[in-house]
Amino acid sequence: MNKMNKLFEFIEKETKKCVHCGKCKSVCDMYLFLREEEYSPRGLVQLAKNLKKIDDADKARVLDYFYTCFLCLKCSVK
């Protein structure tokens, strides 16, 4: 199995943990500032789930959403 397949397998496993309730949006500083779903943790999960389907021309734009995350983990379940 090549590295990309392993990466997509890992992403798929991790994104299944999200139940899409939206509670993460209320604690996400980036979402609270921008008010755009793509920047919310739930939006990032949706983008990650569809990463395989996104064509190469749009992947750079999609990665910009991920780079805005502060990695503060406020959205994670403790």
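Summary of the structure given here. Predicted model, so just to flag it, every value in this text is computed and none were measured.

**Looking at the environment of Leu47**
One can find Leu47 in helix α3 (residues 41-49). It is 15 Å that separates the C-alpha atoms of Leu47 and Leu7, two residues lying 40 residues apart in sequence. If we ignore the near neighbours within four places in the chain, the residues touching Leu47 are Glu38, Ile54, Val62, Tyr65 and Phe66.

**Section: the pattern of salt bridges**
Applying the stated criterion across every chain, the model contains seven salt bridges. The salt bridge involving Arg61 is made with Asp58; its shortest N-O contact spans 4.0 Å. Of this pair, Arg61 and Asp58 both sit in helix α4 (residues 56-67), separated by three residues, roughly a single helical turn. When its relative accessible area of 47% is taken as the criterion, Arg61 is described as partly exposed. The partly exposed category is assigned to Asp58, whose relative accessible area is 30%.

**Some remarks on the packing of aromatic side chains**
Under the defined criterion, the tally for this structure stands at one aromatic pair. Ring geometry for Tyr39 versus Tyr65: centroids 4.9 Å apart, planes at 75 degrees, classification edge-to-face. Here the residue Tyr39 occupies a position in the loop between α2 (29-34) and α3, and Tyr65 occupies one in helix α4, the gap between them amounting to 26 residues. Both residues of the pair, Tyr39 and Tyr65, belong to the buried class.

**Thoughts on the layout of surface pockets**
Size it by volume and the largest pocket reaches roughly 1100 Å³. Lining the largest pocket are 34 residues, with Glu14, Pro41, Leu44, Val45 and Cys75 sitting closest to its centre. Taken together, the elements giving at least two residues each to the lining of the largest pocket come down to α1 (3-15), α2, α3 and α4. Tallying contributions element by element places α3 first for the lining of the largest pocket, with five residues. Taken together, the residues of the lining of the largest pocket sort by class into 24 nonpolar, four polar and six charged.

**Observations regarding α1**
Given a rise of 1.5 Å per residue, 13 residues ought to cover 18 Å, and the 18 Å separating the end C-alpha atoms of α1 matches this to within 8%. The complete set of buried residues in α1 reads Phe8, Ile11 and Thr15. Viewed end-on, α1 has its buried residues packed into an arc of 60 degrees, placing them on one side of the element. The exposed set on the far side of α1, more than 90 degrees from its buried face, consists of Lys3, Lys6 and Lys13. For α1, the N-terminal cap is Asn2; the gap from its side-chain oxygen to the backbone nitrogen of Asn5 is 2.8 Å.

Conventions we followed
- Positions within a chain are numbered from 1, following the residues in the order the chain's sequence is written.
- Reporting in this predicted model follows two pLDDT cut-offs: at least 70 for local features of residues, and 80 or more for side-chain atom pairs to be given and counted; totals over whole chains, interfaces and linings ignore these cut-offs and use all residues.
- Derived side-chain values reflect all non-hydrogen atoms in the structure, with water molecules and hydrogen atoms excluded from consideration.
- Under the DSSP-based scheme used, a helix requires at least four consecutive residues in state H or I and a strand at least two consecutive residues in state E, with every element numbered from the N terminus.
- We call two residues in contact when some of their heavy atoms are within 4.5 Å.
- Salt bridge, as used here, is a side-chain nitrogen of Lys or Arg placed within 4 Å of a carboxyl oxygen of Asp or Glu.
- Whether a residue is buried, partly exposed or exposed follows from its accessible area with a 1.4 Å probe, protein chains only, as a fraction of its type maximum: under 20%, in between, or over 50%, in that order.
- Stacked, tilted and edge-to-face are the three classes assigned to paired rings of Phe, Tyr and Trp, where Trp is represented by its six-membered ring and a pair needs centres within 6.5 Å; plane angles under 30 degrees give stacked, over 60 edge-to-face, the rest tilted.
- Only protein atoms enter the 1 Å grid, on which a cavity is a set of points fitting a 1.4 Å probe that cannot get out and a pocket is an open set with protein on both sides within 12 Å along at least 5 of 7 lines, lining residues being those with an atom within 4 Å of a point.
- Grid points are joined across faces, edges and corners, and a volume is the space filled by probe spheres set on the points.
- In this classification, the charged set is Asp, Glu, Lys and Arg, the nonpolar set is Ala, Val, Leu, Ile, Met, Phe, Trp, Tyr, Cys and Pro, and all remaining amino acids, among them Gly, are polar.
- Helix span, as expected, comes to 1.5 Å for every residue beyond the first.
- This arc is taken over the directions from the axis of the helix to the C-beta atoms.
- Pairs of N or O atoms within 3.5 Å make up the polar contacts considered here, provided that, within protein, one atom can donate a hydrogen while the other can accept it, and that residues adjacent in sequence are counted only when both atoms are side-chain atoms.

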